[in-house]
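Reading the structure
Single-letter residue listing:
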Amino acid sequence: MSNSLSIIIPCYNAEKTISKCIESILKSIAKLNSSDVYEILVINDGSNDKTESIINKISGIKIINHEKNLGLSAARNTGINKSTSEYIIFIDSDVFIEKHWIN
């Protein structure tokens, strides 16, 4: 394992909330000590709106696309399987966290 924390964001048709969700996570991560190593995995679960184009414009995240919608559990399992971390946090795409939440 190369990271100590994976933040997994499953999303489906989340064009209205996904950028604010990721922005809130990045602000929270900025408060971590530099010794903490993390990754952000966004699992696009077959969205048919603008979600994919929105997340493709955000740097510093890993994007995994499902060709079709497989459901929340499948998206979370994909995130777990692609994670390289000891610890995992799931954050839904319509959730905006406080700046000290991850810490």
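This structure is a prediction, so every number in the text was calculated from the model and none was measured.

1. Looking at helix α1 (residues 18–29)
Given a rise of 1.5 Å per residue, 12 residues ought to cover 16 Å, and the 16 Å separating the end C-alpha atoms of α1 matches this to within 8%. Three or more residues of α1 are buried, namely Ile18, Cys21, Ile22, Ser24, Ile25, Ser28 and Ile29. Taken around the axis of α1, the buried residues stretch over an arc of 155°, which confines them to a single face.

2. Remarks on the pattern of salt bridges
In a structure, side chains of opposite charge can pair up when their charged atoms sit close to one another. Scanning the entire structure with this criterion turns up three salt bridges. Among the salt bridges present, the one from Lys27 reaches Glu23, with a minimum N-O distance of 3.3 Å. Separated by four residues within a single helix, Lys27 and Glu23 lie in helix α1, roughly one turn from each other. The class of Glu23 is partly exposed, set by a relative accessible area of 43%. Arg76 is paired through a salt bridge with Asp92; the nearest N and O atoms lie 3.2 Å apart. One end of the pair, Arg76, is in helix α3 (residues 72–82); the other, Asp92, is in the segment after β4 (85–90), and 16 residues separate them in sequence.

3. Points about the nonpolar core
Grouped together as the largest cluster of nonpolar side chains are 19 residues, with contacts concentrated most on Ile7, Ile9, Ile22, Ile25, Ile40, Val42 and Ile102. Among the elements of the structure, β1 (3–11), α1 and β2 (38–45) are those that each provide at least two residues to this core. When residues of this core are assigned to their parent elements, the largest contribution, five residues, is made by α1. Look past the residues within four positions of Ile9 in its chain and what remains in contact with it is Ile18, Cys21, Ile22, Ile25, Ile40, Leu41, Val42, Ile43, Ile91, Asp92 and Ser93. Of all hydrophobic cores here, the second largest spans five residues; its members include Ile8, Leu41, Ile64 and Ala75.

The rules behind these values
- Residues numbered from 1 in each chain as written.
- Predicted model: local features only at pLDDT ≥ 70, side-chain atom pairs only at ≥ 80, totals over all residues.
- Heavy atoms only, no water.
- Helix = DSSP H or I, 4+ residues; strand = E, 2+ residues; numbered from the N terminus.
- Expected span 1.5 Å × (residues − 1).
- Buried < 20%, exposed > 50% of the residue type's maximum accessible area, 1.4 Å probe, protein only.
- Arc of directions from axis to C-beta.
- Salt bridge = Lys/Arg side-chain N within 4 Å of Asp/Glu carboxyl O.
- Core = buried A, V, L, I, M, F, W, Y, C linked by side-chain atoms within 4.5 Å.
- Contact = heavy atoms within 4.5 Å.

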